[in-house]
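Coordinates in review
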Amino acid sequence: MDRPKRQPGDGGTLSLFDRFATATSDWASRAGFFVFCVGLVVVWVPSILVLPSVDTWQLVINTATTIITFLLVALLQNTQRRSDAAVQDKLNAIAGALAAFMGELSAEYPELDRHRSELADSVGLEKREGSGRRTNSDG
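Throughout what follows, the structure given in this document is the object of discussion. (Residues numbered from 1 in each chain as written. Predicted model: local features only at pLDDT ≥ 70, side-chain atom pairs only at ≥ 80, totals over all residues. Heavy atoms only, no water.)

Here we look at the environment of D113
Mapped onto the elements of the fold, D113 is located in helix α4 (residues 111–123). With relative accessibility at 39%, the residue D113 sits in the partly exposed group. Residues D113 and G103, ten residues apart in the sequence, show an inter-C-alpha distance of 6.3 Å. (Helix = DSSP H or I, 4+ residues; strand = E, 2+ residues; numbered from the N terminus. Buried < 20%, exposed > 50% of the residue type's maximum accessible area, 1.4 Å probe, protein only.)

Right, dumping it as structure tokens:
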């Protein structure tokens, strides 16, 4: 079975944790997870009849929801970070391609060279390190 690829632009494979975070994110975004959460509350509500005090009853649901929330936030943040990085890579590629295209046309349309320079300055094309898509002023 092939291991899932990282987001576009990474070129590597996902770590075990990243795969787990992705699977959890996929699961938590489905209706089944919402039904699970509603079921948890439905099971908890009548437990007041078996638990010795209201404080214990509240402690049970507060602890369960806090643990679930804490773990999901960590996993979903991982997935969101990778998604944001993939979107940023795509935007960088578009800006780089646009700057290169403007550079090619700048001989025919000299005003494009100024616009290309402004684009490069605003998105940091010349300053970007390690992306493999550096643009220089020579065209």
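A short note on a nonpolar patch on the surface
Where nonpolar side chains cluster on the molecular surface, the patch consists of F34, V35, V38 and V42 and spans about 390 Å² of accessible area. Among the structural elements, V38 can be located in helix α2 (residues 31–44). For V38, a relative accessible area of 37% puts it in the partly exposed group. (Patch = residues over 30% accessible without salt bridge, like charges linked within 9 Å, V, L, I, M, F, W, Y side chains within 5 Å. Areas by Shrake-Rupley, 256 points an atom, 1.4 Å probe, with all protein chains shown as cover. Salt bridge = Lys/Arg side-chain N within 4 Å of Asp/Glu carboxyl O.)

Comments concerning the packing of aromatic side chains
As enumerated under the stated definition, the model contains four aromatic pairs in all. Consider the rings of W27 and F36, whose centres lie 6.2 Å apart with planes at 50°: the pair is tilted. Ring pairing ties together the aromatic residues W27, F33 and F36, which thus form one cluster. (Phe/Tyr/Trp six-rings, centres within 6.5 Å; stacked < 30°, edge-to-face > 60°.)

The values are spatial; any link to function lies outside them.
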